[in-house]
Amino acid sequence: MSLFATFNSIAFVVIMMIGLYTLIARQNLVKKTLGLGLFQTGIFLMYITLGVRDGGSAPILQEGTDLAYSNPLPHVLILTAIVVSLSTMAVALALIIGVREEYGTIEADEIATIDRAEAKEDHEA
Amino acid sequence: MKPDPSMLPVLIVLLPLVGGVLAPILGRGIFGWLLALITTGLTTFVCASQLLLIQAQNALTPGFSVSYPLGGWPAPHGIELKIDLLSALLATLVSGMGFMVTLFSRQGVDDEIPSDRRRFFWSLWLLAITGLLGILITGDAFNVYVLLEISSLTIYGLIAMGRQRTKQALTAALNYLVLGSVGASFILIAIGLLYAKTGTLNMADIHAKLLLAPVDATVLTARAFLLAGVGLKMALFPLHLWMPAAYSTAPSAVAALLAATATKVGIYMGMRFIFSVFAVPGDEMLSGGNVLIIGSCCGAAIFFGSLGAARQPSLSLLLAYSSVAQIGYIVVGMTVGHIDAMTGSILHMVFHALMKGGLFLCAGILIYRLGTTRLEDLAGLGQRMPWVSAAIVVGGLGMIGIPGTAGFVSKFYLLKGLILSGHPVLAGMVLLGSVLAAIYVWRFVEVAYLRPASDTPLRNGLPFEKFLPVLILLGASILLGIQPGVVVDLARDAAQQLMGVTP
């Protein structure tokens, strides 16, 4: 395994874990969403590293040359995953706008307090 | 030109996809509903024809499956659609439920979704069905991930459309989005690791290459990520926390579709990957430690799900927690790797979809007529809505598994398989679950029949087209409880095909 691949393998785990931690630990919904994005970015790095080959260049077929090239398939796959991640982020942010309109806050703990208070009111009524 | 019968598999995803794209353009007024109805109807027809074809062929050559190379690129390099008996059975179920719920939801959608959003609702609706059906019929691992995200993203949107009724739909959708995306990302990691190991994405090809290579850390890590991701998607205890809020706040049609199909497709992914990709013949499907972990998750799901259902303030939440328990039954059957348990598991997927779909449709009728499903407001429902409350009781009896309902048949096979494979504790949990189910069903009976009628005003009458799907679904669950033969044979053949057992 080359130095590049080793470094990347460690880096993607670190990025993923930072993302996952942000996702769990932060109360702010936008920050949670950013954590999710970071988590998915870590996975992209994993896929990209999979395709890399030492000394490999872009996979362009040229007559007369027999160059080593990187595997393009994981890179193509991850293009799809990037689009998916982008759409997920867009849907999440759209939902957060809706939450802000209805609740007036984007802090998860404050939203939970509002929900509980309303459930109690509802119960007493 | 005479239509080529071998083109049919691709229609299963193409029909709802085209419908979903057309819906925002053509779907104004009643046309969105009509479009969805026609599309899901045609898709059901295609799925059912595939099911009959595969069943007939399977009788001649066991293990038969239909394969369709997309774009003419042969597998393993191209993407392959691969339909075996289990895929066809579940695809028929998913599209059929889609049709029934669409039939149900014309006024419901008019009631719950503002008019300028309805065509987008139908678009998301059809795209969600596209994704779910696609997962069932694809033979390509990365395709599973993409289709999973198509169905998930549309479902988040559909749930959030419940904000007209309750603003909690937004937080429920966001919660589901975060957990669902983490689950899907885990599946993506698993697929990446499998690709790193085998250099291919076709599931059959991955399986063939894994058989040649020794099981190493890469494969085990992939399996762990996959099980965690699929567990989140199928809402297996303790990863179920997104589900009750999502089911109880989504528009009633969406709740019925999700409860009947979405978690089932999650379970299908688990089955497909465990048995068609990771399984090594002659070996235990899952090792003892795995059975212990997943089995205790299932036991806890049955216990806490049923107990939770008995404590909920509204019928929607009660049904959602009951689903948590039912997922436990289904997964426990596939875990122990016994043919009868697997048959029971597949049967329970079908029957639970019929019964829980019917029950959520009843909840939808309550929302349409009363505007609420809070149990307090349902007092005296037996006199105010005799038909609907009778239907809920029938569905509830199926949840308990009273003989004569479909729930009994599937639990019978589950118990038989669990006992024969030497898991008496899990069998005990299944029985205990039935007792606990009796408690939460009794709560409804007590409220509906033994309390004086509440004075919550009825807003609407009972439209026949709303009650017809309920009648068909719950009627089918009773009919299949009395005459289960056909479906049991199908489920047994599907289980044999999945587990690679020759009869």
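Predicted, not measured: the structure shown is a model, and the values here were computed from it.

**Things to note about the overall build of chain A**
- Scanning chain A from terminus to terminus reveals 4 helices and 0 strands.
- Listing each helix as α and each strand as β along chain A from the N terminus yields α-α-α-α.
- For 125 residues, the compact-globule formula gives about 14 Å, and the C-alpha radius of gyration of chain A, at 22 Å, lies well above that figure.
- By residue count, 25% of the 125 residues in chain A fall in the buried class.

**Observations regarding the overall build of chain B**
- If you tally the helices and strands in chain B, you get 20 helices and 2 strands.
- Its C-alpha radius of gyration of 21 Å places chain B within 12% of the 23 Å reference for a compact globule of 503 residues.
- Within chain B, the fraction of its 503 residues that count as buried is 64%.
- When contacts within chain B are restricted to residue pairs at least 6 apart in sequence, those whose partners lie at least 24 apart make up 80%.

**With respect to the nonpolar core**
- By size, the foremost hydrophobic cluster in this structure holds 219 residues, and its most contacted members are B:Ile159 and B:Ala173.
- Ignoring sequence-local partners within four residues, the contact set of B:Ile159 consists of B:Ala169, B:Ala172, B:Ala173, B:Tyr176, B:Ala246, B:Thr249, B:Ala250 and B:Val254.

**Focus on the environment of B:Thr171**
- As for its position among the elements, B:Thr171 is in helix α7 (residues 168-198).
- Through-space distance from the C-alpha of B:Thr171 to that of B:Ala160 is 8.1 Å; in sequence the pair is 11 residues apart.
- Leave out the neighbours within four places in its chain, and B:Thr171 touches A:Val99 and A:Ile111.

**A closer look at the packing of helix α3 (residues 85-104) of chain B against helix α5 (residues 118-137) of chain B**
All names here are of chain B.
- The geometry of α3 relative to α5 is characterised by a closest axis approach of 9 Å and an angle of 170 degrees between their N-to-C directions. Classified by the angle their axes make, α3 and α5 are roughly antiparallel. Between α3, through Ser87, Leu90, Ala91, Val94, Ser95 and Gly98, and α5, the contact on the second element is made entirely by Ile129, Leu132, Leu133, Leu136 and Ile137.
- Of the residues belonging to the contact of α3 with α5, the class tally is 8 nonpolar, 3 polar and no charged.

**Let's talk about helix α3 (residues 72-103) of chain A**
Residues and elements named next belong to chain A.
- Between the first and last C-alpha of α3 there are 46 Å, a value that for 32 residues agrees with the 46 Å anticipated at 1.5 Å per step.
- Where α3 is concerned, the buried positions are Pro74, Leu77, Ile78, Ala81, Val84, Ser85, Thr88, Val91, Ala92, Leu95 and Val99.
- At the exit of α3 stands Gly104, carrying a positive phi of roughly 80 degrees.

**Focus: the packing of helix α11 (residues 252-278) of chain B against helix α13 (residues 315-335) of chain B**
Residue and element names in this part refer to chain B.
- Remark: α11 packs on α13, axes separated minimally by 11 Å, with the N-to-C direction vectors making an angle of 20 degrees. By the angle between their directions, the pair α11 and α13 is classed as roughly parallel. Considering only the axes of α11 and α13, their crossing is right-handed. On the side of α11, the interface is formed by Ala255, Ala259, Thr263, Ile267 and Met271, while α13 contributes Ser316, Ser323, Ile327, Ile330, Val331 and Met334.
- When the residues that make up the contact of α11 with α13 are grouped by side-chain class, the tally is 8 nonpolar, 3 polar and no charged.

**Description of the interface of chain B and chain A**
- Taken together, the contact pairs 24 residues of chain B with 27 residues of chain A.
- Considering each element in turn, the side of chain B that touches chain A owes the most residues, 15 residues, to α7(B).
- The residue makeup of the side of chain B that touches chain A, split by class, is 15 nonpolar, 6 polar and 3 charged.

**Observations concerning the environment of B:Glu465**
All names here are of chain B.
- Among the structural elements, Glu465 can be located in helix α19 (residues 464-482).
- The exposed category is assigned to Glu465, around which 11 C-beta atoms lie within 10 Å.
- Linking Glu465 and Asp340, residues 125 residues apart in sequence, is a C-alpha distance of 38 Å.
- Those residues in contact with Glu465 that sit more than four places away from it in its chain are Leu103 and Arg106.

**Focus: the pairing of strand β2 (residues 80-83) of chain B**
Residues and elements named next belong to chain B.
- Taking every second residue as pointing to the same face, both faces of β2 are buried, with Glu80 and Lys82 on one and Leu81 and Ile83 on the other.
- When strand β1 (residues 66-69) meets β2, the two strands line up antiparallel, connected through 4 bridges. Along β2, the bridge assignment pairs Tyr68 with Leu81.

**What to know about the confidence of the model for chain B**
Residues and elements named next belong to chain B.
- The predicted model of chain B averages 86 in pLDDT, with 96% of residues at 70 or higher.
- The element-level mean pLDDT for chain B is lowest in helix α4 (residues 106-112), coming to 74, with helix α6 (residues 141-160) highest at 92.
- Across the predicted assembly, pTM comes out at 0.91 and ipTM at 0.92.

**Some remarks on unusual backbone geometry**
Residues and elements named next belong to chain B.
- Backbone torsion omega between Phe237 and Pro238 reads 0 degrees, so that peptide bond is classified as cis.
- Along the chain, Pro238 falls in the loop between α9 (217-234) and α10 (243-249).
- With a phi angle near 60 degrees, Ala235 is a residue other than glycine that sits in the positive phi range.
- Here Ala235 lies in the loop between α9 and α10.
- Under the C-beta neighbour-count criterion, Ala235 is labelled buried, with 29 such atoms within 10 Å.

**Quick notes on helix α1 (residues 8-26) of chain B**
Residues and elements named next belong to chain B.
- Taking 1.5 Å as the rise per residue, α1 with 19 residues should run 27 Å; its terminal C-alpha atoms sit 25 Å apart, in good agreement.
- At Leu14, α1 is bent by approximately 30 degrees, the largest bend along its length, and proline Pro16 sits one to four residues beyond.
- For α1, the set of buried residues is Pro9, Leu11, Ile12, Val13, Leu15, Pro16, Leu17, Gly19, Gly20 and Ala23.
- Structurally, α1 contributes buried residues whose contacts are with α2 (31-60), β1, β2, α3 and α5.

**A closer look at the environment of B:Gly162**
- Mapping B:Gly162 onto the fold places it in the loop between α6 and α7.
- Among all residues touching B:Gly162, those that are not within four sequence positions of it are B:Ala169, B:Thr249, B:Ala250 and B:Pro251.

Cut-offs applied
- Residues numbered from 1 in each chain as written.
- Chains lettered and ligands numbered in written order.
- Predicted model: local features only at pLDDT ≥ 70, side-chain atom pairs only at ≥ 80, totals over all residues.
- Helix = DSSP H or I, 4+ residues; strand = E, 2+ residues; numbered from the N terminus.
- Rg over C-alpha atoms; globule rule 2.2 N^0.38 Å.
- Buried ≥ 20, exposed ≤ 12 C-beta atoms within 10 Å, placed from the backbone.
- Contact = placed C-beta atoms within 7 Å.
- Core = buried A, V, L, I, M, F, W, Y, C linked by C-beta atoms within 7 Å.
- Axes fitted to C-alpha atoms, helices over the stretch in contact; angles between N-to-C directions.
- Parallel < 35°, antiparallel > 145°, perpendicular 65-115°, else oblique.
- Nonpolar A, V, L, I, M, F, W, Y, C, P; charged D, E, K, R; others polar.
- Expected span 1.5 Å × (residues − 1).
- Left-handed = near helix turned anticlockwise from the far one by under 90°.
- Pairing = 2+ DSSP bridges.
- pLDDT = per-residue confidence, 0-100.
- Bend = angle between axes of the 7 residues up to and from the residue.

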